[in-house]
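Read off the chains here:
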Amino acid sequence: MKVLIACEMSGIIREAFKARGHDAWSCDLMDTEIQGQHIKDDVLNHLDEEWDLMIAHPVCTFLCRNRAKLNKEQNIKPDTTLFMALLNSDIPRICVENPVPSKLAQLPKYDQIIQPYHYGHDHSKKTCLWLKNLPKLQPTKVVELTYVTTKNGHRYTKGWYNTPRNSIARSRTFKGIAEAMAEQWG
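This text gives an overview of the structure that appears in the document.

Criteria and thresholds
- Residues numbered from 1 in each chain as written.
- Predicted model: local features only at pLDDT ≥ 70, side-chain atom pairs only at ≥ 80, totals over all residues.
- Heavy atoms only, no water.
- Phe/Tyr/Trp six-rings, centres within 6.5 Å; stacked < 30°, edge-to-face > 60°.
- Helix = DSSP H or I, 4+ residues; strand = E, 2+ residues; numbered from the N terminus.
- Buried < 20%, exposed > 50% of the residue type's maximum accessible area, 1.4 Å probe, protein only.
- Pairing = 2+ DSSP bridges.
- Axes fitted to C-alpha atoms, helices over the stretch in contact; angles between N-to-C directions.

## Description of the packing of aromatic side chains
On inspection of all chains with the given rule, the structure shows 2 aromatic pairs. With 4.8 Å between their ring centres and 85 degrees between their planes, Phe83 and Trp130 make a pair best called edge-to-face. Of this pair, Phe83 sits in helix α3 (residues 81-87) while Trp130 sits in strand β7 (residues 127-132), and the two are 47 residues apart along the sequence. No difference in accessibility class separates Phe83 from Trp130, as the two residues are buried. Ring geometry for Tyr110 versus Trp130: centroids 6.0 Å apart, planes at 85 degrees, classification edge-to-face. Of this pair, Tyr110 sits in the loop between β5 (93-98) and β6 (112-114) while Trp130 sits in strand β7, and the two are 20 residues apart along the sequence. Residue Tyr110 is classed as partly exposed on the basis of its relative accessible area, which comes to 22%.

The following block contains the structure:
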């Protein structure tokens, strides 16, 4: 199968599909972290290259619910152009993933919410999936969450507490989720 992983610089999902024999490519404006089949370009220039499956991760900064209050204060209207272009592309099977969206973004209703702890990771991170001609992703390894409480009383899952606090580190797809996608959709 010819697989496009849109807006992925990490290479994690690409490599999970490649390990199962698929012709998998990542595409992002940034270089890939794991060397492999990577297109450094705007993904919109590559949607018509006869892909069988696309898993897309459009930038969520202004689309997500956690940013809604700040968007309103700063009078920012979320730009859904990339998200909708990916979701509405002519690729036969599509998954677009993003955090829970803000109402201001006016995105269509998602099909499923997944959590990293359903796929073997001690993390909680609600991730919405918009699916086209794909079944819902089934959990593969449910783990019990462990928590860390800071001195000021904030409570985090242990995994997030130990993750660097930058957008790149926090946006990487969890390997267990990538493996489940490749196994169930590949």
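Here the narrative resumes.
## Focus: the sheet that holds strand β2 (residues 23-28)
One open sheet holds the 7 strands; their spatial order is β3-β2-β1-β4-β5-β7-β6, and the pairing between them is mixed. Of all the strands in the sheet, the pair left with one neighbour each is β3 (38-40) and β6. With direction set aside, neighbouring strand axes in the sheet form an average angle of 20 degrees. Bridge count between strand β4 (residues 53-56) and β5: 4 bridges; the pairing is parallel. Residue Ala56 lies in a different strand from β5, and its bridge partner there is Val96.

## Notes on unusual backbone geometry
Positive phi, normally seen in glycine, also occurs at Cys7, with a value near 60 degrees. Position of Cys7 relative to the elements: it lies in the loop between β1 (2-6) and α1 (12-18). Using a relative accessible area of 17% as the deciding quantity, one classes Cys7 as buried. With a phi angle near 60 degrees, Glu50 is a residue other than glycine that sits in the positive phi range. With respect to the secondary-structure elements, Glu50 resides in the loop between β3 and β4. The exposed category is assigned to Glu50, whose relative accessible area is 71%.

This is a description of form; function is not addressed.
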